[in-house]
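Secondary and tertiary structure notes
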Amino acid sequence: MLPVNVPPTPLPESYFNGLRPRPIFALIIGINDYQHLPKLGGAVNDADMLSDYLHKDLKVPADGIVNLRNHEATRAEILRALKALSMSSRSIRHPRKDDSIIIYFSGYGGPLHASTKGVQSIVPWDYSTVAGNEISAVTPSDLLPLLADIKRNKGDHITIIFDCGGSPQKVQNDKDGLISSRVIDLALREGVHEAEAPYSEESVLSGNVFTLSACSRGEAAREVRGHGLFTSTLIRQLKRQGSTNTTRSNVLARLPQIPNQTPQAYGGITDPPLFDTALVPPEQIAYNISEDNQKYVVHAGSVAGITPGAHFSVYRDKSRLSKKRPKAFIADRVALFTTTLKPLGDEPLKPLLSSPSAIPAGSGQQPDLVVAVAFPLKDALAPLYQVALKLLYNATAETYQVLFTQEREKADIFVDASEDGNSFTVTVLDERSSRHEYTHLPISVPLKEEDIERFFRNAAHFYRHLNRSYLNTAVGSSVSVEFLKLVDSDTEYDDDGHPYRYPVGSDLSANGLVEVYVDPEEPEDYGFRFTNNSDRDLYPHVLYFDNTNYYPRGSEQAPVKSGGGVLTIGFDNPGTSAYSYFIREGQDLDVGFIKVLFSTEPVTLSSIPQATIFQDAAPVAGGGKQKVVEGKTEMQGMALASEKDLANIWASVMFCIVQRRVPEEED
């Protein structure tokens, strides 16, 4: 009989004697249906998602969350709700002294070039520029005095999150209404300017005040199919890693890269949990524990989200939770349903007593790949479980980290047995792909140890480098990447008689999504234009991440000179090849990602490209998705490839490419 998961138990109230977590009080604002502006489609969903997460996952009581939606979020009401955060009154809901305060806004925002250390203008429901009926935005000069009052009266444990704003040049809505940017060019009130706030920006935004913005100044906060890209990615990561394990110092570093958005963090960037709750333990739960061969074994493993290096507080007797100090242990070996611990100190293990417990006290290594598996476990998938156990048992800091879970909302992929039981199928859960209807790998994987290991190795490598962000505020402002459609000249030819190419139209990747319609008989060509207004020369590396084969490939390009240098690929530059795209036989839809890494030195990124998962897959011929392959490597086992070549990466830009087959014309 296959094993089953043992759920954790809630901690008793006695545990919190002297260790109460700092309560959370949240003001959450979301506006879709503006009175005088084009409607948005995802801001209310985002606000609801955060509110649900705080209430259901972090157990914030309903009276600790103030929600304003649509017409409730007028300018007057937003200011009133912010003022209430600093008050002490029996007639209104308000935080107590030293509570953790969250202020969240999703909707339209003003230009980020007018922002103050991340505090930016937000657009209320009744914003209007109509003569005689003007209603202005809530600007930093409005917000800073209110934040100063909150800080003075309730403490500085404040987290502010803006899923709005950006560059007015990035205002864009696609023709189907699926993608919208959340930025408008504001008309400021006469006589009031962003820089005239009466309070010192440094004093108000110092201490533990922490601000997250959805994008950099040269980009735009965007929503796709009913959700903001930043909020949906952030909450998915919080659920996956745990709120307390997500600290202010690692929240953006561990956030999967968002197409054409570079989130920013300001102030208070330290090691406390993101919401500064001082929560002990992280999830307020305890796991059963037993002894085996003079080691403590927790009755929870990878399926419960535990990874190597996770910290635990062990009590030999649960009844002593409020009386005895726990012993610190670390996860040594993680299996699907159990975890073997080793002590952090040198003290010998003591026998466990009545109802011993292990309480999560810190996250382990960041998983490269999270796999949801079918539950209850299926006998047909026994070979896959055996490989999973092998990978987990042999996991170290020098190997890829694969986490197996039963919670699909936390996972990158879901695996299940095929109908014939000889292979397993893969469902794509990564929203960056699934939101474009790419939900299944078109090829199943044989249930053979070698094939299963190769699949998990390549998938972990693929997501490790796809998700990794190299955040830099220069992206979108000082440094720009344009993806352009190319056509052949009818009049100009090179010495070999080939027509010159030239770009037509504007940047196709401006909103983070490129749709390519593929005609196998007449493939179209595409190219790049890089512009570098920074103060250093940059070396772009263009990588294509193939979702079907988990096959990242790349090419290094010539440097882009500082101070306004421009580099083109595929046109105006002899010796560079254009890019074209294809659809494999049996597919009508494919989704991949182009990622451009900028290094400050000429390096060959041999650690990222890898061979295809499927050894018998047809090789990419000329004219395929990428014509130049840099440093292809075959990795053995789950050992990490050396990543020394990534030390000089300065910034990254990523966008999604959806490829659709052009239907064949009927005779």
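Values in this document were obtained by computation on a predicted structure and should not be read as measured data.

Considerations on the sheet that holds strand β2 (residues 24–30)
- Ordered in space as β3-β2-β4-β5-β7-β10, the six strands form an open sheet in which the pairing is mixed. Each of the sheet's edge strands pairs with one partner strand only, and the pair in question is β3 (65–69) and β10 (264–266). Between one strand and the next, the sheet's axes are offset by a mean angle of 10 degrees, whatever the strand orientation.
- The sheet contact formed by strand β5 (residues 158–163) and strand β7 (residues 210–213) spans four bridges and is parallel. From the neighbouring strand, Ile161 faces β7, where its bridge partner is Leu212.
- Along the sheet face, helix α3 (residues 140–154) touches β4 (100–106) and β5 and points at about 160 degrees away from the line of β4.

A look at the nonpolar core
- Formed by 52 residues in total, the largest nonpolar core has its most connected members in Leu384, Phe424, Phe455, Phe456 and Tyr550.
- Looking at this core, the element that brings in the most residues is helix α8 (residues 449–467), giving eight residues.
- Counting 41 residues, the second-largest nonpolar core is a separate cluster that includes Leu85, Tyr127, Ala137 and Val138.

Considerations on the environment of Arg325
- Within the secondary structure, Arg325 is located in the loop between β13 (311–315) and β14 (327–334).
- In the structure, Arg325 is positioned 11 residues away from Val314 in sequence and 9.1 Å away in space, judged by C-alpha atoms.

Digging into the packing of helix α1 (residues 43–57) against helix α5 (residues 229–241)
- Running from N to C, α1 and α5 point in directions that differ by 15 degrees, and their axes come no closer than 10 Å. Considering the angle they form, α1 stands roughly parallel to α5. Considering only the axes of α1 and α5, their crossing is left-handed. Here α1 contributes Asp46, Met49, Leu50, Tyr53 and Asp57 to the contact with α5, which in turn contributes Thr231, Ser232, Ile235, Leu238 and Lys239.

Considering the side chain of Arg584
- Mapped onto the secondary structure, Arg584 falls in the loop between β28 (565–569) and β29 (589–599).
- In terms of polar contacts, Arg584 uses its side chain to reach the side chain of Asp546, at 2.3 Å.

What to know about the pattern of salt bridges
- In this structure the tally under the stated criterion is 29 salt bridges.
- The salt bridge involving Arg75 is made with Asp142; its shortest N-O contact spans 2.8 Å. Linking Arg75 in helix α2 (residues 75–84) with Asp142 in helix α3, this pair joins segments that are 67 residues apart in sequence. For the pair formed by Arg75 and Asp142, the shared burial category is buried.
- One salt bridge in this structure joins Glu482 and Arg529, with 3.3 Å as the shortest N-O distance. Of this pair, Glu482 sits in strand β22 (residues 479–493) while Arg529 sits in strand β25 (residues 525–532), and the two are 47 residues apart along the sequence.
- Here the residues in one salt-bridge network are Asp46, Asp163, Arg182 and Glu223, joined through shared partners.

Topic: the confidence of the model for the chain
- Averaged over every residue, the pLDDT of the chain is 83; residues scoring 70 or more account for 84%.
- Taken together, the stretch residues 616–636 has pLDDT below 50 and engages in 61 contacts with residues farther than four places along the chain or on a different chain.

Looking at α3
- Here α3 spans 20 Å end to end across 15 residues, near enough to the 21 Å set by a 1.5 Å rise per residue.
- Here α3 lies mainly inside the structure; 13 of its 15 residues are buried.

Re the pairing of β29
- β29 sits mainly inside the fold: 11 of its 11 residues count as buried.
- Burial of β29 is two-sided: the residues Leu589, Val591, Phe593, Lys595, Leu597 and Ser599 facing one way and the residues Asp590, Gly592, Ile594, Val596 and Phe598 facing the other way are all buried.
- Pairing analysis gives eight bridges linking strand β26 (residues 539–546) to β29, with the strands arranged antiparallel. Residue pairing in the sheet places His541 in a bridge with Leu597 of β29.
- With 11 bridges joining them, β29 and strand β30 (residues 649–661) adopt antiparallel strand pairing. Counterpart to Phe593 in the pairing with β30 is Cys656.

Cut-offs and rules
- Residues numbered from 1 in each chain as written.
- Predicted model: local features only at pLDDT ≥ 70, side-chain atom pairs only at ≥ 80, totals over all residues.
- Heavy atoms only, no water.
- Pairing = 2+ DSSP bridges.
- Helix = DSSP H or I, 4+ residues; strand = E, 2+ residues; numbered from the N terminus.
- Axes fitted to C-alpha atoms, helices over the stretch in contact; angles between N-to-C directions.
- Contact = heavy atoms within 4.5 Å.
- Core = buried A, V, L, I, M, F, W, Y, C linked by side-chain atoms within 4.5 Å.
- Buried < 20%, exposed > 50% of the residue type's maximum accessible area, 1.4 Å probe, protein only.
- Parallel < 35°, antiparallel > 145°, perpendicular 65-115°, else oblique.
- Left-handed = near helix turned anticlockwise from the far one by under 90°.
- Polar contact = N/O pair within 3.5 Å; in protein donor to acceptor, adjacent residues only side chain to side chain.
- Salt bridge = Lys/Arg side-chain N within 4 Å of Asp/Glu carboxyl O.
- pLDDT = per-residue confidence, 0-100.
- Expected span 1.5 Å × (residues − 1).

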